[in-house]
Amino acid sequence: MKNLLIRWPVLVGCVMAIVAFAVFVPPLVGNSNDGRDEPGLVEDLRVGKDGDRTRIVLQFSEATTEKEFQFRWFTLPEPARVVVDFKDITFKNSPNLVKLPPDGLAKGMRAGRFRPGTVRMVLDQTKAGRVNVFAIPPRGGQGPRLVIDLVELKKGQKPTNVPPPEDVVDEGKAPAVSPRRIEDEPAPVVPPVVTRDVGTGPRDRVVVVLDAGHGGVDPGACSKIAKLCEKGLTLEMVKLVRERLRSDKIEVILTRDSDVFIPLPERPRIAQRAGADLFVSLHADIHPTKRDVKGATVYMVSEKASDREAARLASAENDRDVMAGVALANESKEVQNILISLVQRDTLNSSTYLARSVLKELGNFTEVRKHDVLYAGFRVLKSPDVPSILVEMGYLSNPAEERKLGDAGYRKQLADTIAKGIRNYVQNHVHY
Ligand SMILES: [Zn+2]
């Protein structure tokens, strides 16, 4: 299999520097000084507006052959998006940093690994319109180009509708083998499956599932100053917490241990399949307008949100699959079923104990936004039978908290704190 094409600078610094690097450098962005001969490198990304047409051009490196330059595209409605899936390609500059014409038809762009062997680019349209995506073969010493045209609708015209291929519709399921234009794709990520007797007699170990929020094409919240992104931070944190929790008595499973996208509904499913005793999802938020909002928070699921900030956060977190260009299928039916089983009181009671235990430790160590456990309709917490909480570790939009979360020493202490809260809950409330 081909390498990930990420050029790792030579690090001669200490371990701290390596940790900082892992958190701060967005993957899939090539070394900006070099890369002329790298196949599958997007050297330039231009967006222009000409009358009623907004054109996005991806210029690939000269070394790019037909093999790397394979793509497929589709549109998604409400909100209107264009999704282009490539094989493993690299961007010299991150698409979300490209300036978009203010009156054009594109209002946002992002790209990242969607699953092994697939890099996804998602384009947010200001409104639905005509869409065309086509390739221009290499010529005159230039590599191939991919052009995305967004054109304003004329009277009587309907928006372009290119439905997603079947294998990407039902998110959470393994993708079908060999879609038409992307051949020999590596096997999909197989979520960790643990076979054990759930609920029959005494068990030898407690199973904890830790969920690093976001990942791959979905960077989560990113801070303005240090460009610290949630997906890297949460991944490092689940690994640190795992180190501190793992023992003869506690088995720890991660929903992801690399920079990969996992659809929201798949995350609680991993916990259910593992027969988990508890599920903890880690996040770090930004507030869109208020830089003074700060403090860690512990959430449980509920249809009614504790306060406006809790409701805002849950809806921002729940929108992540939309950001990642996932087509939702049969979602409402599934959510309904889960809500019915949510009345299972035991799970909610246990979630409360778990949430309080973690919040208590957090309150002893750092600033918390509220001294109560908060409630909101987080989709990732909707396991009917696994006590589940979501920990917002702080606000990356608050300068002081951004500084703290950017500090490796603070992150280790925070991991100690979260692990201690989980361990106390296990000792007092899980019978095994
Ligand atoms: Zn998040």
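Every value quoted in this text rests on a predicted model; they were computed, and no experiment measured them.

Okay, the packing of aromatic side chains next. The geometry of an aromatic ring pair is captured by two quantities: the separation of the ring centres and the angle between the planes. Tallying each qualifying case throughout the model produces seven aromatic pairs. Seen from their ring centres, Phe60 and Phe69 are 4.9 Å apart, and the 80° between their planes marks the pair as edge-to-face. Each member of the pair, Phe60 as well as Phe69, carries the same accessibility label: buried. Judged by centre distance (5.1 Å) and plane angle (20°), the rings of Phe114 and Phe261 are stacked. Taken together, the positions of Phe114 in strand 6 (residues 106–115) and Phe261 in the loop between strand 11 (250–254) and helix 4 (266–273) put the pair 147 residues apart, joining distant regions of the chain. Look at Phe261 and you get buried, because its relative accessible area is 6%. Members of the aromatic cluster, each reached through a chain of ring pairs, are Phe60, Phe69, Phe71 and Phe86. The ring of Phe114 has Arg120 lying over it, and the distance from NZ or CZ to the ring centre is 3.7 Å.

Let us look at empty space enclosed by the protein. Summed over all chains, the structure comprises four cavities of 30 Å³ or more. Taken as a whole, the largest cavity encloses approximately 100 Å³ of empty space. Lining the largest cavity are 15 residues, and of these His214, Leu264, Arg267, Glu317 and Arg320 lie nearest its centre. The set of elements that each furnish at least two residues to the lining of the largest cavity consists of helix 5 (308–318) and helix 6 (320–323).

Chain-level statistics for the protein give a pLDDT mean of 79 and a share of 78% at 70 or above. Of all the helices and strands in the protein, helix 1 (residues 15–24) carries the lowest mean pLDDT, 38, while helix 3 (residues 230–245) carries the highest, 97. Contacts for the low-pLDDT stretch residues 1–27, under 50 throughout, to residues beyond four places or in other chains number 36 contacts. This model gives residues 29–33 a pLDDT under 50, and the stretch forms 10 contacts once residues within four places in sequence are excluded.

All of the protein donors around the zinc ion are His214 (NE2), Glu230 (OE), His283 (ND1), Glu317 (OE) and Glu317 (OE); their distances to the metal are 2.0 to 2.5 Å. Between the donor residues of the zinc ion, the gaps in sequence give the motif H-x15-E-x52-H-x33-E. Residue His214 is found in the loop between strand 10 (206–212) and helix 3, and its partner Glu230 is found in helix 3; the two are separated by 16 residues along the sequence. For His214, a relative accessible area of 3% gives the class buried. Take Glu230: its relative accessible area is 1%, and that puts it in the buried class.

With that out of the way, let us pick up the pattern of salt bridges. On inspection of all chains with the given rule, the structure shows 23 salt bridges. Linking Asp85 and Arg72 is a salt bridge whose minimum nitrogen-to-oxygen distance equals 4.0 Å. One end of the pair, Asp85, is in strand 4 (residues 81–86); the other, Arg72, is in strand 3 (residues 71–76), and 13 residues separate them in sequence. Side by side, Asp85 and Arg72 carry an identical accessibility label, which is buried. The residue Asp307 makes a salt bridge to Lys370 at a minimum N-O spacing of 2.9 Å.

Take the sheet that holds strand 13 (residues 297–301) next. The strand order across the open sheet built from six strands is 11-10-12-15-13-14, with neighbouring strands paired in mixed fashion. The strands lining the two open edges of the sheet, one partner per strand, are strand 11 and strand 14 (374–376). Sheet twist, expressed as the average angle between the axes of neighbouring strands with direction ignored, equals 30°. In this sheet, strand 12 (residues 278–285) lies alongside strand 10 in parallel orientation, the contact comprising five bridges. Looking at the pairing, Val208 lines up with Leu278 of strand 12.

Reading guide: rules and limits
Residues numbered from 1 in each chain as written. Predicted model: local features only at pLDDT ≥ 70, side-chain atom pairs only at ≥ 80, totals over all residues. Heavy atoms only, no water. Phe/Tyr/Trp six-rings, centres within 6.5 Å; stacked < 30°, edge-to-face > 60°. Buried < 20%, exposed > 50% of the residue type's maximum accessible area, 1.4 Å probe, protein only. Helix = DSSP H or I, 4+ residues; strand = E, 2+ residues; numbered from the N terminus. Lys NZ or Arg CZ within 6 Å of the ring centre and 35° of its normal. 1 Å grid on protein atoms, 1.4 Å probe; cavity = no way out; pocket = protein on both sides within 12 Å on 5 of 7 lines; lining within 4 Å. Points joined across faces, edges and corners; volume = space filled by probe spheres on them. pLDDT = per-residue confidence, 0-100. Contact = heavy atoms within 4.5 Å. Donors = N, O, S within 2.8 Å, 3.2 Å for Na, K, Ca; no water. Salt bridge = Lys/Arg side-chain N within 4 Å of Asp/Glu carboxyl O. Pairing = 2+ DSSP bridges. Axes fitted to C-alpha atoms, helices over the stretch in contact; angles between N-to-C directions.

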